[in-house]
Structures are given as structure tokens and as C-alpha cells.
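Now for the letters of each chain:
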Amino acid sequence: DTAVSQTPKYLVTQMGNDKSIKCEQNLGHDTMYWYKQDSKKFLKIMFSYNNKELIINETVPNRFSPKSPDKAHLNLHINSLELGDSAVYFCASSVGGGGTEAFFGQGTRLTVV
Amino acid sequence: AQRVTQPEKLLSVFKGAPVELKCNYSYSGSPELFWYVQYSRQRLQLLLRHISRESIKGFTADLNKGETSFHLKKPFAQEEDSAMYYCALANTPGSEKLVFGKGTKLTVNP
């Protein structure tokens, strides 16, 4: 019954590798997001999709590429991982239309070694 | 550009004491303000939003447009309130961007 689910929950990988994090929501929401939470707990938006269309792309390295096969899924692919990419990545979804509650996944803790 | 400031990174109070977590925002339009909470090892979840004017778990927050603030208050803190609290702002209606403050870690001591 999980509303927003991310896989994997933990990911440990070496520098230079390519990895993906998957996100699925069963709430019927039109909008999905990726947020990055750094070691200081600072939460920053990375991307936002509405009905499979990219609408927000913050200043994020090109190594990060979101993909939305349908409006219930928003995956995050990261190329050439760097130490600084280590963080917790949160997926979220909302009804959309601005100013609506965001429902978050449990987060994926990425550790790059 | 919109900005959310939470001046206190850490806040520690004793059980039963009042608590106030500060939040100030910078935005030229009419904002939608929220408080999100993240308990230990749990996902981020909505605590309350200013338009609903609710009291959730004893917490309230009033939007003060003159002071551009949205402080979170509770008259009597409980140990289970210990968590990370984020103030967030949604900008222009129709936009999907939700901007978070840097968060305040609240610790309620017994």
C-alpha cells in the first residue's frame, strides 16, 4: 500500500559507475519530483515532471538524467558517479497545479566510495 | 527568487516546555507555506499547511505576511516531537516547485 516507493533503499557503489534509482507512485498523481538531501540534511529539488514532461530542472550536473516512462514512474539515472554524489535521494509526488502536498518516498541512501 | 530561511539548525527544549521553530520566506507573490517533518528513519511527511489553518499534533503555524514568517509553535513539547522540521514554500500557483528551508533539528529532552 506504499504510496511512493523507491528502490533500492541503500546503494553503495564505486566512483565512476553508473547507477539508477527507481520511483513509483500509486496515488494517481500527475507530478513527480526528485530531491537530494545532503549530509547536512539540506533538501534541494533536482527535477520535477508533470505528466511525463520535464518542467523543473535545477542546476544539476548532466550526469543526472531523469526518465519518466509514464506518469506513475520517475527514475533517476546517474552516470560517472562521484564522491560528492553521496546523499539521500528522495522521490515525491503531488496532485500538481501548484501549492499541493508532496508525498515522499522513504529515500535512497547513495554512498559512493 | 523564492527563498526559505530557518535560522536555527538545532533546537533543544525540555518536555512540557513551549517550542517555536522559526521560518522566514522571501517571495514576491502569494505563497503557499508548509511544514514538513522527518522523524528518525522515516520518510518526510507533511505536518501542516497554512491554508488549512489546522492544529496537527498540537502544532500550529500562522502566516504573517508583514513579517514574511511562518513560525511553527507548540505550547507543550513532547519527546515524540523530536525530529527534523522543514519549512517549505510553493511558489506561483501552477508551478510545481517546492522550496525547502535547511531544516531545524528539534530535540525534546525528558
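For every chain, the first residue of its written sequence is number 1, and the numbers climb from 1 along that sequence. Just so you know, chain letters begin at A and ligand numbers begin at 1, following the order they were written in. For this predicted model, a pLDDT threshold of at least 70 governs which residues receive local features, and a threshold of 80 or more governs which side-chain atom pairs are given and counted, while totals over whole chains, interfaces and linings are taken from all residues. To obtain the side-chain values, all non-hydrogen atoms of the structure were used and water was disregarded.

Novice: Describe the sheet that holds strand 3 (residues 19-25) of chain A, and please don't skip the residues or the numbers.
Specialist: Residue and element names in this part refer to chain A. Spatially, the four strands line up as an open sheet ordered 1-3-8-7, and their pairing is antiparallel. Across the chains shown, the open sheet's two edge strands, defined by having one partner strand only, are strand 1 (4-7) and strand 7 (64-67). For this sheet, the mean angle separating the axes of adjacent strands, direction not counted, is 15°. Note on pairing: two strands pair once DSSP finds at least 2 bridges between them. Per the convention used, a helix needs a DSSP run of H or I reaching at least four residues, while a strand needs a run of E reaching at least two, with both numbered from the N terminus. Interaxial angle, 0 to 180 degrees, is taken between N-to-C directions of lines fitted to C-alpha atoms, where a helix line uses only the stretch in contact.

Novice: Could you give an account of the environment of Val113(A), with specific residues and numbers?
Specialist: Residues and elements named next belong to chain A. Secondary-structure assignment places Val113 in the segment after strand 11 (108-112). Separated by 99 residues in the primary sequence, Val113 and Gln14 place their C-alpha atoms 4.9 Å from one another. Two residues qualify as a contact provided that any one of their heavy atoms is within 4.5 Å of a heavy atom in the partner residue. In contact with Val113, not counting residues within four places along its chain, are Val12, Thr13, Gln14, Met15 and Leu83.

Novice: Summarise the pairing of strand 11 (residues 104-109) of chain B; cite the residues concerned and give the values.
Specialist: Residues and elements named next belong to chain B. In strand 11, alternate side chains face the same way, and those of Thr104, Leu106 and Val108 are buried while those of Lys105, Thr107 and Asn109 on the opposite face are not. Pairing of strand 2 (residues 10-14) with strand 11 involves five bridges; the strand directions are parallel. Residue Val13 lies in a different strand from strand 11, and its bridge partner there is Val108. Classification of residues uses two cut-offs on accessible area relative to the type maximum, computed with a 1.4 Å probe and protein chains only: under 20% is buried, over 50% is exposed, and between them is partly exposed.

Novice: Tell me about the interface of chain A and chain B, and please be specific about residues and values.
Specialist: Of the residues lining the interface, 27 residues belong to chain A; the matching set on chain B comes to 20 residues. Here's the idea: put two parts together, see how much 1.4 Å probe accessible area each one loses, and the total over both is what we call buried area. Across the interface of chain A and chain B, roughly 1900 Å² is buried in total on both sides, 55% from carbon and sulfur atoms. Whenever Lys or Arg places a side-chain nitrogen within 4 Å of a carboxyl oxygen from Asp or Glu, that contact is recorded as a salt bridge. At the boundary of chain A and chain B, one finds zero salt bridges. Any pair of N or O atoms that falls within 3.5 Å is considered a polar contact. Within protein, one atom must be able to donate a hydrogen and the other to accept it, and sequence-neighbouring residues count only if both atoms are side-chain atoms. Put simply, chain A and chain B have seven residue pairs in polar contact (both at pLDDT 80 or more) between them. Of all the elements in the fold, those that place two or more residues in the side of chain A that touches chain B are strand 4 (31-37), strand 5 (43-50), strand 6 (53-57) and strand 9 (87-94) of chain A. Here the term charged refers only to Asp, Glu, Lys and Arg, the term nonpolar to Ala, Val, Leu, Ile, Met, Phe, Trp, Tyr, Cys and Pro, and the term polar to all other amino acids, Gly among them. Among the residues forming the side of chain A that touches chain B, the class breakdown is 11 nonpolar, 13 polar and three charged.

Novice: Any chance you could break down unusual backbone geometry for me, citing the residues and the numbers?
Specialist: Excluding glycine, residues mostly carry a negative phi; peptide bonds, for their part, are mostly trans. Residues and elements named next belong to chain A. In this structure, the amide linkage connecting Thr7 to the following residue, Pro8, adopts the cis form with an omega of -5°. Here Pro8 is to be found in the loop between strand 1 and strand 2 (10-13). If you check the backbone angles, Lys52 has positive phi at about 70° while not being a glycine. Counting through the fold element by element, Lys52 comes out in the loop between strand 5 and strand 6.

Novice: Before we move on, could you go through the sheet that holds strand 8 (residues 72-74) of chain B and cite the residues and values that matter?
Specialist: Taken in spatial order, the three strands make up an open sheet running 3-8-7 (chain B), and their pairing is antiparallel. Because the sheet does not close on itself, it has two edges, and the strands there are strand 3 (19-21) and strand 7 (60-61) of chain B.

Novice: Please give an account of the pattern of salt bridges that cites residues and values.
Specialist: All names here are of chain A. Overall, the coordinates contain six salt bridges over all chains when judged by the stated rule. Among the salt bridges present, the one from Arg63 reaches Glu82, with a minimum N-O distance of 3.5 Å. Taken together, the residues span a long stretch of sequence, with Arg63 in the loop between strand 6 and strand 7 and Glu82 in the loop between strand 8 (75-78) and strand 9 at a distance of 19 residues. Judged by relative accessible area, which is 15%, Arg63 ranks as buried. With a relative accessible area of 41%, Glu82 lands in the partly exposed category. Between Arg63 and Asp85 there is a salt bridge, and its shortest N-O distance comes to 2.8 Å. With Arg63 in the loop between strand 6 and strand 7 and Asp85 in the loop between strand 8 and strand 9, this pair connects stretches of sequence that are 22 residues apart. Summarising the burial analysis for this pair, Arg63 and Asp85 share the class buried.

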